[in-house]
Amino acid sequence: MRAQGLVGWIFRHSAWLPLPLGLVFHGVIALGLRWVCMNAYSENAWIPEKWVCPLTFALLGLGAVLSWVMNVEGLRRLFRDWGIRWVMPLVFFLVLPSALLAAFWCYTLMFLTGWA
Amino acid sequence: MRQEEKGRDVIQGTGKALALALGVWTLLFLSCFALLSHMTDVPSISLSGRPNRERRAVVAIRDPEKPFMQWGTRLFTWPYLSRHYGRAWLFTQASKEDQKEAIVAAMNEALRSCDSLDLFLLAHSNSFHEWVGILDEELRRKKLRMVYNTGCYNARQGETWLELGAKTYIGHPGNSVSPPFYVFYTRRWVKGSTVRDAFDEGNALAKRLFDRLERVMPSKIDSDKVWQTSHAILFGAGEMSIGDRP
């Protein structure tokens, strides 16, 4: 079950790491979305229109997957080390927000792609 | 030996924690999903297409706006139109007269090659009826079907559009906040509701959204006032659905 390599190393060294990692991932995705938007429809736009939807949906899908990974990993740590001091903060600051984010990315993706 | 047993316990414990995490995640996810659906719109997944897809065409026009708005229009609009129409065009303009020739050419091609043409005019107050007026009269009277116009005060063009050949026209009467209606209406129209049903539901859901926003921000939004200028008005026939021929 152990994650290997760099990711495994990061995850083994701090119970809190899913939180900053999640924030960084979501920040990068948000910047990516902004980049697509500005380069598709600003004055000097160069992204062809046919790439706008695929690029955006790929980023939203990545957001959904990363939220899911962060969420499950946070919960796994919670149940593995039940009772330690950071259980409640972990629930409020990691698990609930990331579940909401995962649902948000998925729902947005379904909504925008016409599946929902 | 003891070390091996300990190792096995750790693995089993980790497996249990992971299984529990996945179970709780599923419940959390479904709760959040239900909350989002309640706040916006209920998903209605339908894998089967509407009949006559290859025989209908659509042209959508997004007028000059901030990049973010144009991006949002494309993300929401294009997947629906490209999936539910045999021929689909979405033009995003950089200025008011931008791509006029290409837009008129697309409408001409749609009228020549398909049985029906729908128009989505996703633009501020506009005069696109003048562009449609130069199309072949016989073809547009026969094939122009549903026209939806988000433009402020463009409900007043209702009779003009019917005279041009549209079988049904939907517009807004005042300085409107039309995107909520557009989203609710379009999702129902492409999934097979009649114009009338999609229109009624679109209006009801838009009003519900304005009411909710007023409850959250009472000092910023007066739902009744917004509603007076933003509700949609239907002209012409309301019984057709996307799969019907005009």
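Computed from a predicted structure; not experimentally measured.

Cut-offs and rules
- Residues numbered from 1 in each chain as written.
- Chains lettered and ligands numbered in written order.
- Predicted model: local features only at pLDDT ≥ 70, side-chain atom pairs only at ≥ 80, totals over all residues.
- Heavy atoms only, no water.
- 1 Å grid on protein atoms, 1.4 Å probe; cavity = no way out; pocket = protein on both sides within 12 Å on 5 of 7 lines; lining within 4 Å.
- Points joined across faces, edges and corners; volume = space filled by probe spheres on them.
- Nonpolar A, V, L, I, M, F, W, Y, C, P; charged D, E, K, R; others polar.
- Contact = heavy atoms within 4.5 Å.
- Buried area = accessible area lost by both parts, 1.4 Å probe.
- Salt bridge = Lys/Arg side-chain N within 4 Å of Asp/Glu carboxyl O.
- Polar contact = N/O pair within 3.5 Å; in protein donor to acceptor, adjacent residues only side chain to side chain.
- Helix = DSSP H or I, 4+ residues; strand = E, 2+ residues; numbered from the N terminus.

Trainee: Looking at this structure, I do not really get empty space enclosed by the protein. What am I missing?
Mentor: Empty space left among the atoms is revealed by rolling a probe the size of a water molecule over them. Residue and element names in this part refer to chain B. For the structure shown, the criterion picks out one cavity of 30 Å³ or more. The calculated volume of the largest cavity comes to roughly 50 Å³. Lining the largest cavity we find Asn-52, Arg-55, Arg-56, Asp-115, Ser-116, Arg-145, Ile-242, Gly-243, Asp-244, Arg-245 and Pro-246. Residue composition of the lining of the largest cavity, grouped by class: two nonpolar, three polar and six charged.

Trainee: What should I look at first to understand the interface of chain A and chain B in this one?
Mentor: Counting residues at the interface gives 36 residues for chain A and 37 residues for chain B. Surface buried jointly by chain A and chain B totals about 3,400 Å² across both partners, of which 78% is contributed by carbon and sulfur atoms. The interface formed by chain A and chain B holds one salt bridge in total. The closest approach of N and O atoms between Arg-74 of chain B and Glu-49 of chain A, which form a salt bridge, is 3.6 Å. Applying the counting criterion to the chain A and chain B interface returns three residue pairs in polar contact (both at pLDDT 80 or more). Listing elements by their share of the side of chain A that touches chain B, those giving two or more residues are α2 (18-41), α3 (49-80) and α4 (87-113) of chain A. Its residues assigned to classes, the side of chain A that touches chain B shows 27 nonpolar, five polar and four charged.

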